[in-house]
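In case you want the letters, here they are:
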Amino acid sequence: EIDAMETSPTISSSLVSAAKSQIRELIEETCQSISTCDPPGRFLGMDFATGRWRVLNPTFAKLKTEQTFFECMRVKLLQAKKLAEMESARIARQEEVLANLSNNASRLEGIDLDGSHR
């Protein structure tokens, strides 16, 4: 549900309010677009009492659309987090390699080509 959107202390309430408004608008536009297709799309749900599909009311259709959007956003955020972790690990490996190269270069500076130490 939109009101259950988790917020970070660093995100201003006006930004969260604007995001919620945009999400509501996107949900409304999506449901409207689906229902005005030719032929019109419908949101269906299983009626477990009869075992038949039935057309959902607009409020429930919006709720299901909202749930789908939030699930997609959650998956995208998890993917972005994983990519950020992989990038951090790659940078840490590069820094380690550079430190080792620098350390080895410092040790090599004191050795002459014939192998004797200065």
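We now turn to the structure provided with this report. (Residues numbered from 1 in each chain as written. Predicted model: local features only at pLDDT ≥ 70, side-chain atom pairs only at ≥ 80, totals over all residues. Heavy atoms only, no water.)

1. Observations concerning the layout of surface pockets
Keep this limit in mind: Grid spacing is 1 Å over the protein atoms alone, the probe is 1.4 Å, and a cavity is where that probe fits but cannot get out, while a pocket is an open set with protein on both sides within 12 Å along at least five of seven lines and lining residues have an atom within 4 Å of a point. Grid points are joined across faces, edges and corners, and a volume is the space filled by probe spheres set on the points. Helix and strand definitions here come from DSSP, where helices need a minimum of 4 consecutive H or I residues and strands a minimum of 2 consecutive E residues; each element is numbered from the N-terminal end.
Computed from the structure, the second largest pocket encloses a volume of approximately 170 Å³. For the lining of the second largest pocket, the elements supplying multiple residues, two or more each, are helix 1 (13-35) and helix 2 (58-109). Counting residues per element, the lining of the second largest pocket draws most heavily on helix 1, which supplies four residues.

2. A few points about a nonpolar patch on the surface
As a reminder, the rule being used: What makes a patch is a set of residues exposed beyond 30% relative accessible area and free of salt bridges, joined within 9 Å when like-charged and within 5 Å when nonpolar (Val, Leu, Ile, Met, Phe, Trp, Tyr). Accessibility throughout is a Shrake-Rupley quantity obtained with a 1.4 Å probe, and a residue counts as covered only by protein chains that appear here. The term salt bridge refers to a pairing of a side-chain nitrogen on Lys or Arg with a carboxyl oxygen on Asp or Glu at a separation within 4 Å. Here the term buried applies to any residue with accessible area under 20% of the maximum for its type, exposed to any over 50%, and partly exposed to those in between, with areas from a 1.4 Å probe on protein chains only.
Residues Leu44, Trp53 and Val55 make up a contiguous nonpolar surface patch of roughly 320 Å² in combined accessible area. Inspection of the secondary structure assignment puts Trp53 in strand 2 (residues 52-55). What makes Trp53 exposed here is its relative accessible area of 57%.

3. Points about the pairing of strand 1 (residues 44-47)
How we decide: Two strands pair if DSSP finds at least two bridges between them.
Judged from the four bridges that link them, strand 1 and strand 2 form a sheet pairing that is antiparallel. Following the sheet pairing, Asp47 is matched in strand 2 by Arg52. The antiparallel hairpin formed by strand 1 and strand 2 contains four residues in its connecting segment, where Gly51 sits at a positive phi of about 80°.

4. Thoughts on the pattern of salt bridges
Applying the stated rule across the entire model yields three salt bridges. Ionic pairing is found between Glu28 and Lys62, a salt bridge with its closest N-O pair at 2.7 Å. Highlighted residues: Glu28 in helix 1 and Lys62 in helix 2, separated in sequence by 34 residues. Lys62 gets classed as partly exposed once you look at its relative accessible area, which sits at 31%. Ionic pairing is found between Glu71 and Arg74, a salt bridge with its closest N-O pair at 2.8 Å. With Glu71 and Arg74 both in helix 2 and three residues apart, the pair spans about one turn of that helix.

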